[in-house]
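Listed below, chain by chain, are the residues.
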4 protein chains.
Amino acid sequence: MDSAVKDGGLAPEGDAKIDLVAAWAPVLSGIAAQLAADGSVAGRRIGIILPIEPKTAYLAVMLADAGAEVALAAPGALTRDDVAAAVAGRGVATFARSDSSPDDEERFYAEVLARRPEVVIDDRAELVRMAHTTHREALPTLIGASEETTTGVVKLRAMQRAGALEVPCIAANDANCKHLFDNRYGTGQSSVTAILDSTNLQLAGKRVLVIGYGWVGKGVAARAAGLGARVTVSEVNPFAALEAIHEGYAVAPVREAAARSDVVISATGVPSSLPAEAIERLPDGALLANAGAVDDEIDVAWLRRHSTAAREARPSVEEFVLPSGRSVYLVGDGKVVNLSAGEGHPVEIMDLTFAVQALSARHLLLEGAGMAPGVHPVPEAVDRAVADAKLASLGVRLDQLSQEQSEHFVTWQ
Amino acid sequence: MDSAVKDGGLAPEGDAKIDLVAAWAPVLSGIAAQLAADGSVAGRRIGIILPIEPKTAYLAVMLADAGAEVALAAPGALTRDDVAAAVAGRGVATFARSDSSPDDEERFYAEVLARRPEVVIDDRAELVRMAHTTHREALPTLIGASEETTTGVVKLRAMQRAGALEVPCIAANDANCKHLFDNRYGTGQSSVTAILDSTNLQLAGKRVLVIGYGWVGKGVAARAAGLGARVTVSEVNPFAALEAIHEGYAVAPVREAAARSDVVISATGVPSSLPAEAIERLPDGALLANAGAVDDEIDVAWLRRHSTAAREARPSVEEFVLPSGRSVYLVGDGKVVNLSAGEGHPVEIMDLTFAVQALSARHLLLEGAGMAPGVHPVPEAVDRAVADAKLASLGVRLDQLSQEQSEHFVTWQ
Amino acid sequence: MDSAVKDGGLAPEGDAKIDLVAAWAPVLSGIAAQLAADGSVAGRRIGIILPIEPKTAYLAVMLADAGAEVALAAPGALTRDDVAAAVAGRGVATFARSDSSPDDEERFYAEVLARRPEVVIDDRAELVRMAHTTHREALPTLIGASEETTTGVVKLRAMQRAGALEVPCIAANDANCKHLFDNRYGTGQSSVTAILDSTNLQLAGKRVLVIGYGWVGKGVAARAAGLGARVTVSEVNPFAALEAIHEGYAVAPVREAAARSDVVISATGVPSSLPAEAIERLPDGALLANAGAVDDEIDVAWLRRHSTAAREARPSVEEFVLPSGRSVYLVGDGKVVNLSAGEGHPVEIMDLTFAVQALSARHLLLEGAGMAPGVHPVPEAVDRAVADAKLASLGVRLDQLSQEQSEHFVTWQ
Amino acid sequence: MDSAVKDGGLAPEGDAKIDLVAAWAPVLSGIAAQLAADGSVAGRRIGIILPIEPKTAYLAVMLADAGAEVALAAPGALTRDDVAAAVAGRGVATFARSDSSPDDEERFYAEVLARRPEVVIDDRAELVRMAHTTHREALPTLIGASEETTTGVVKLRAMQRAGALEVPCIAANDANCKHLFDNRYGTGQSSVTAILDSTNLQLAGKRVLVIGYGWVGKGVAARAAGLGARVTVSEVNPFAALEAIHEGYAVAPVREAAARSDVVISATGVPSSLPAEAIERLPDGALLANAGAVDDEIDVAWLRRHSTAAREARPSVEEFVLPSGRSVYLVGDGKVVNLSAGEGHPVEIMDLTFAVQALSARHLLLEGAGMAPGVHPVPEAVDRAVADAKLASLGVRLDQLSQEQSEHFVTWQ
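Residues numbered from 1 in each chain as written. Chains lettered and ligands numbered in written order. Predicted model: local features only at pLDDT ≥ 70, side-chain atom pairs only at ≥ 80, totals over all residues. Heavy atoms only, no water.

Draft legend 1. Fine view of the overall build of chain A. What chain A contains, in helices and strands, is 18 helices and 15 strands. Rg of the C-alpha trace for chain A: 23 Å, near the compact-globule value of 22 Å for 413 residues, within the 12% margin. When the backbone C-alpha atoms are referred to their principal axes, chain A occupies close to 70 × 65 × 45 Å. A total of 413 residues make up chain A; the buried ones form 62% of that total. (Helix = DSSP H or I, 4+ residues; strand = E, 2+ residues; numbered from the N terminus. Rg over C-alpha atoms; globule rule 2.2 N^0.38 Å. Buried < 20%, exposed > 50% of the residue type's maximum accessible area, 1.4 Å probe, protein only.)

Spelled out as structure tokens, the structure:
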């Protein structure tokens, strides 16, 4: 089986979308040219698990265009069939269809490992964990992995602590070019606009509760305030709470703040961040959305069990009538809202992130054999190269420290 | 002919959308209850021309529910068939289908006038002008009109100056509850999010040129800045230019600013606000959108004639390759972008606007016979009642001036 | 008596300050050159009442330098002796000393009128009212007046309604170049920084109550929010309240909001805007300041009568211990805080305002004989000339409407 | 010699200022009560070097009030005589007078060490370095030090690397309660308002160049933008440059940006950050200020050598006429502007910082004997206690993670 996609005939549509990403992703396009020129990935085997949409597709395609043998898989819920068809049509072994069963997906991931990738670009450490457990036959030829998600890095570190990680893994998530931008600016904008787009409601004048004031919460709060909302933050960490106060937000416990919030956005990565007791206190008509990484940050299970009625109010918006008679509206089914009710991160953010991934994969191919098993930071040179390319694409120039200035921090005497 | 809609079977879908608007439009819903109770519109004939989407549909439906005989028409390009079907199903004589020809539309408008409306809620003064020219048989029973648009008010004033306006017309557009909010906050948010939603691009860090710094331009600039853009304003009015400067925006002529803008948003109401010479100087990849009321604010005709290639890059986004080889992307075909690439104003804005319309229609029905022909402002009591209802829906309370405070501005001696 | 100042020896200090204003006021300096060149004020008699500080002084001096015979007076509380000395030393008949009694001031104003000014630049209509009542001998030679303040214009309009105004008066306050900028940007910035400078406190994270959301309140709220405060607005006007809500501020009645405000800034122009009942509810340590035009917007008399102790906590900051045992801190004695605890409007704002005044005075000298008695708007040409000069000083250029664009608003058929 | 202050008679003035700080510093006041109650500093010897102004004075006084034997010294340039007198009058051995010579200061510091402090609260590692070199007799009784400044920590780390640091030193600067707030919010606000207060100029509409986008630069840029300025950032670090871009600022090299900047604020900690070549390109009338820690971030020496004229334009503002004929205005002599032209950090910031210092000193007294020589972070319990006390003073409450939520991050299988 060379590829498994739903309908190859959809490829032209997917092709157009991928081409647009290529035009709007100057950093990754620059790296595409570099890899094609330096031959660093030519003939090398790369496995990828990522949602299949135009931005991820372009990463797979540009690696293939540079000569790599790329195999790609994704769960059905995160697969767009036209894009999958287009990727398959461009020489990537693609295993993904929107109607796949869990069994299908297990087979699809196995197909990727069956191609014996030297490097994997992994999501939630799926491929790495399979290669260390059920598919150990893939381990000898695996040089290493580059991991996209925070969750995946947490798992890899747990494996490392347990002495169970046998290859070097680059924590792409920790690159400056990723963590300084993707959640704060990418999730910030795309979560807020996904909510507005799904509801046709206005944010100006709304009371917005942001649960969690990490990078995601900071981004969501800034964008909500920038659109005229009044923001309250809930936090468990006193330093983050003080930062929120200093930015001009109110801070209050979730249960208390919920009672006077028109919109609630969770951004914690922790289950039950908006618990039943808080949902019960929401005013009539409140909107609920989850901008965080964990599906049950809002206690949707409770909502489903205890609401007296539920209906789709608009696409991606479900109304629940609570026992109190008040309604709440859940956007994107409580799943990460910029994907469940939108198209995910903006192109520019993924341009940075996938540039880090492409160069990390290249680094593993060239240097991975000499790297110890375990979690490694993104090489500084990779991070810097991506930032420099991004600045160049913007036409922005830096200053340089003079020799004297560099020597400014001198001895203590 | 009682109604002319494309497919009555679509009504259930439209009904759900209208119900959601009712839930999210507390001011208009309050007026619905008031009208039903006071009998002021019962048995009275009201004609309406407005785009047919859920928010306008609710205005027509709530008037019908209060006992009015309502007739409604719209041009095909601004008609959603499911909503039209639902409105027709709820007892409104509805003449609108998305596939209508210009001839159809002329007939549809005539159908509205054939029902001899006592009051019309008009758009661009279409019905009023027909009643003064080609359909003068409708004039004797016409008490007056309430006009939604700036353009319509301009035309009505021109008629009045020419001595050709024979009925009182309320300039709903000039109500505080409309002009202070709809363009600044409604168009501001919805234009910016429509562009982002259509493109999946990020605004943070983008250089945005806003042409025109009236209410629309002020709203667009504020929302763009609130999402992290760097804003430049172009203006012909020196006072508006100075206001923009004081808000922290750069000000520069269009032709000059275009050369260093990633996104250009027109907000002038004046044709060729982004002229060919400016388009030619745009950087590669620039996005163009029109948030203003006039279709050719961006010189799209020139784009079509002079581009060497054109293609749909994404839904609502067209790429044009210029003779220079650079591409520009036009969002929403150069037509008002929050409608052409979005759902128009947020619900809350139309709640205010249509509350003004409903109470203005009521005022004309009750008092219009005693009003002189000509353009009238919205009655202060109407404007105030809408504002008070909106504040009440938000749970916001005002202070009251004491007697002494009211008398503060005293005699000159 | 040619001048009456406290100490002529202080002139050098005052001179330096005036010179700096000249350097930082490009619009007024440009008009100075114009007047000197066109001879329009040469030999003409101009009377001025304004606070005497470097910015006002420059207005008087530049008129004198252009050949006018200028007489200037001010109340003692608003006189800086070094500046008065400098102005006197530069050929302006100056009647102002910081230690003047009310009797002195009456004489000083009379001295200005004794010089039979052809035009007066007036403050609160003081000179105009004297010339219409106690000093009618000055009326025959008085061509007209240009009035600086809102309060003065209110009084002049009352006189006009009473049929008691015998000369044309230009309402300088209503110029676009004044009212669009002075309160929103000038009072906004200078009130907030005066409070911070007087107290050495931080605004980020503070709960700030702004009473009144007119131009001053809008400016104060924007600057407070811009420095990280959480703003609540109190209003009596429902439209202003809704605007505040849409800008992202909370709105609540004064008595309720006071209980949870760290800083209260009045901006109403109405006495007792912060009444006793609200003061009693303030949290311990609250700061109170008045950014508005009326001295008793905060009920300072009540504070003085009912506090159990009072002391100067810092220069310009007085602590009052309330019967509850809580302290509040009053900045600038409850008088307009940007003057009582600061230096008033920034130079740039007065550059615009006094440019309007200088050109309005010129207009009265040249055209006033043909103007009817009553309140007149600032001539459009004056307003426009000032705006154009300001833009030129910033290096900012405008676009121009083409002939076709100007003709865009056409007939109704 | 028990104290050396200029004029003990000034004590009452200083006392009032210190009392006001006590009222406005709830966290430190709470710690004062705690220390008095727990006896942890009673009879212990503490030496302090800090600028002597009301906020630092309160730190010394509250330690003395809790029973410590405190000795305090400061350089003359950073000493306010009334405050020094008050501190001396409250039982602190105080060695500081505004007219001190370098020789005096050396003697003053020696007096502090002569009292054999067990713990020093140090500034730029002055006392620690003396105790390790010229005054080694003080070393045996020295348990450790708490260091206030970044510069001091750099020096201590250099000593540690050189094997020359013989006592434990707590890097107070690295506490969350200090570094997250003092530069971003304290320096941000106080630098910008110091410039405005010194000049009476307006920030709205000004083009502001911020050199360096670390914590200080971030704070200055945010406050400048919040007051209506258009901000450009200059950086040497590509990640910081990208952050600035994403916040909506322009980024450009210093020499290029200077040519179009009305205000330049350095925030780098690096000499010659605004070099001669950039100064020469500034527009006429530009304002220059240094918000950073190093005195010669602006090349003031070059300005003094090459300007054709110089004069004090206003207090704290010096005008330099460049060879080009253009003038620039230097605020606060190029020294850290919130101190040289203002009162330093707001009270609230120092409340946090000195709370960290007081608890760090307590920690060293109680636990320092068991700590290894070298630089130590602030104990987490100290940092947390300060944050909790600050939140309590604001009436802000946090959420708590449930057991299940805490266990959310689980094993990799």
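Still more ground to cover, so stick around.
Draft legend 2. Region of the structure containing the relation of the copies chain B and chain C. Superposition record for chain B on chain C: RMSD 0.0 Å, screw rotation 180°, translation along axis 0.0 Å. Given the turn and translation reported, the copies of this chain are related as if by a two-fold rotation axis. A high fraction, 100%, of the interface residues of chain B reappear at the interface in chain C, so the copies pair face to face through one surface. (Least-squares fit on C-alpha atoms with pLDDT ≥ 70 in both. Contact = heavy atoms within 4.5 Å.)

Draft legend 3. Looking closely at the sheet that holds strand β3 (residues 93–95) of chain D. Residue and element names in this part refer to chain D. Sheet architecture is open: seven strands sit in the order β3-β2-β1-β4-β5-β6-β15, paired in parallel fashion. Strands at the two margins of the open sheet, each flanked by one partner only, are β3 and β15 (374–377). Mean inter-strand twist for the sheet, computed between neighbouring axes without regard to direction, equals 20°. Judged from the three bridges that link them, strand β1 (residues 45–49) and strand β4 (residues 119–122) form a sheet pairing that is parallel. Bridging from a neighbouring strand, G47 pairs with V120 of β4. Helix α3 (residues 54–65) rests against β1, β2 (69–73) and β4 of the sheet, and its axis sits at about 165° to β2. (Pairing = 2+ DSSP bridges. Axes fitted to C-alpha atoms, helices over the stretch in contact; angles between N-to-C directions.)

Draft legend 4. Broad picture of the interface of chain B and chain C. Taken together, the contact between chain B and chain C spans 56 residues of the former and 56 residues of the latter. Both sides of the chain B and chain C interface together cover about 5,000 Å² of buried area, and 68% of this is carbon and sulfur. Summed over the shared surface of chain B and chain C, the result is four salt bridges. Across the salt bridge formed by C:R397 and B:E256, the nearest N and O atoms sit 2.0 Å from each other. Where chain B meets chain C, there are 14 residue pairs in polar contact (both at pLDDT 80 or more). At the level of elements, α7 (150–161), α8 (176–179), α9 (182–199), α11 (238–246), α12 (254–258) and α17 (380–394) of chain B are the ones that each hand at least two residues to the side of chain B that touches chain C. Along the lines of polarity and charge, the residues of the side of chain B that touches chain C split into 30 nonpolar, 11 polar and 15 charged. (Buried area = accessible area lost by both parts, 1.4 Å probe. Salt bridge = Lys/Arg side-chain N within 4 Å of Asp/Glu carboxyl O. Polar contact = N/O pair within 3.5 Å; in protein donor to acceptor, adjacent residues only side chain to side chain. Nonpolar A, V, L, I, M, F, W, Y, C, P; charged D, E, K, R; others polar.)

Draft legend 5. Just the packing of aromatic side chains, in detail. Residues and elements named next belong to chain C. Summed over the entire model, instances satisfying the criterion amount to 16 aromatic pairs over all chains. Taken together, a centroid distance of 6.4 Å and an interplanar angle of 40° make the contact between F95 and F108 tilted. Highlighted residues: F95 in strand β3 (residues 93–95) and F108 in helix α5 (residues 102–114), separated in sequence by 13 residues. Here F95 matches F108 in class, with each residue buried. (Phe/Tyr/Trp six-rings, centres within 6.5 Å; stacked < 30°, edge-to-face > 60°.)

Draft legend 6. View of unusual backbone geometry. For B:A125, which is not a glycine, the phi torsion comes out positive at approximately 60°. Mapping B:A125 onto the fold places it in the loop between β4 (119–122) and α6 (126–132). Given the relative accessible area of 0%, B:A125 is considered buried. Phi is positive for D:R124, which is not a glycine, with a value near 60°. Along the chain, the position of D:R124 falls in the loop between β4 and α6 (126–132).

Draft legend 7. Region of interest: the interface of chain A and chain D. The interface is formed by 56 residues belonging to chain A together with 56 residues belonging to chain D. Linking chain A with chain D are four salt bridges, by the criterion used here. Here A:R184 ties to D:E243 by a salt bridge, and the two come within 2.7 Å at their closest N and O atoms. The tally of links between chain A and chain D comes to 14 residue pairs in polar contact (both at pLDDT 80 or more). Of all elements in the fold, only α7 (150–161), α8 (176–179), α9 (182–199), α11 (238–246), α12 (254–258) and α17 (380–394) of chain A reach the threshold of two or more residues within the side of chain A that touches chain D.

Draft legend 8. The arrangement of the relation of the copies chain A and chain D in detail. Superposition of chain A onto chain D requires a rotation of 180° combined with a translation of 0.0 Å along the rotation axis, giving an RMSD of 0.1 Å. Most of the interface of chain A is mirrored in chain D, where 100% of its interface residues are also at the interface.

Draft legend 9. Spatial organisation of the pairing of strand β13 (residues 317–321) of chain D. Residue and element names in this part refer to chain D. The pairing of strand β12 (residues 309–314) with β13 spans five bridges and is classified as antiparallel. Bridging from a neighbouring strand, A310 pairs with F320 of β13. Adjacent in sequence and paired antiparallel, β12 and β13 are bridged by two residues, among which S316 carries a positive phi angle near 70°. Sheet analysis places β13 next to strand β14 (residues 327–331), joined by five bridges and oriented antiparallel.

Draft legend 10. Highlighting the sheet that holds strand β13 (residues 317–321) of chain A. Read across the open sheet, the eight strands follow the order β9-β8-β7-β10-β11-β14-β13-β12 (chain A); overall the sheet is mixed. The two strands at the open ends of the sheet, each matched to only one other strand, are β9 (250–251) and β12 (309–314) of chain A. Contacts from helix α1 (residues 11–24) of chain B reach β11 (286–290), β12 and β14 (327–331) of chain A, with the element oriented near 100° to β12(A).

Draft legend 11. Region of the structure containing the environment of A:G144. All names here are of chain A. Along the polypeptide, G144 turns up in strand β5 (residues 144–147). Classification of G144 by relative accessible area gives buried; the value is 0%. Spatially, the C-alpha atoms of G144 and E367 are 10.0 Å apart, while their sequence positions differ by 223 residues. Those residues in contact with G144, other than ones at most four positions away along the chain, are E118, V119, V120, V167, P168 and L364.

Draft legend 12. Just the pattern of salt bridges, in detail. Overall, the coordinates contain 114 salt bridges over all chains when judged by the stated rule. Close ionic contact of D:D19 with D:R90 constitutes a salt bridge, the shortest N to O distance being 2.8 Å. Separated by 71 residues along the polypeptide, D:D19 in helix α1 (residues 11–24) and D:R90 in the loop between α4 (81–89) and β3 bring together distant segments of the chain. Overall, the relative accessible area of 39% leaves D:D19 in the partly exposed class. Here the salt bridges share partners, and the residues they tie into one network are A:R304, A:E318, A:D333 and A:K335.

Draft legend 13. Here's a closer look at the packing of α17(A) against helix α11 (residues 238–246) of chain D. Relative orientation of the contacting elements α17(A) and α11(D) amounts to 45°, with a least axis distance of 9 Å. On the basis of their axis angle, the class for α17(A) and α11(D) is oblique. Crossing angle aside, the handedness with which α17(A) passes α11(D) is left-handed. Of the residues in α11(D), those touching α17(A) at A:D383, A:R384, A:A387, A:D388, A:K390, A:L391 and A:L394 are D:P238, D:F239, D:A241, D:L242 and D:I245. Looking at side-chain class alone, the contact of α17(A) with α11(D) contains eight nonpolar, no polar and four charged residues. (Parallel < 35°, antiparallel > 145°, perpendicular 65-115°, else oblique. Left-handed = near helix turned anticlockwise from the far one by under 90°.)

Draft legend 14. Broad picture of the side chain of B:S261. Residues and elements named next belong to chain B. Structurally, the position occupied by S261 is in the loop between α12 and β10 (263–266). Separated by 2.8 Å, the side chain of S261 and the backbone oxygen of A257 make a polar contact. Not counting residues within four places of it along the chain, the set of residues in contact with S261 comprises R207, L209, L282, P283 and A286.

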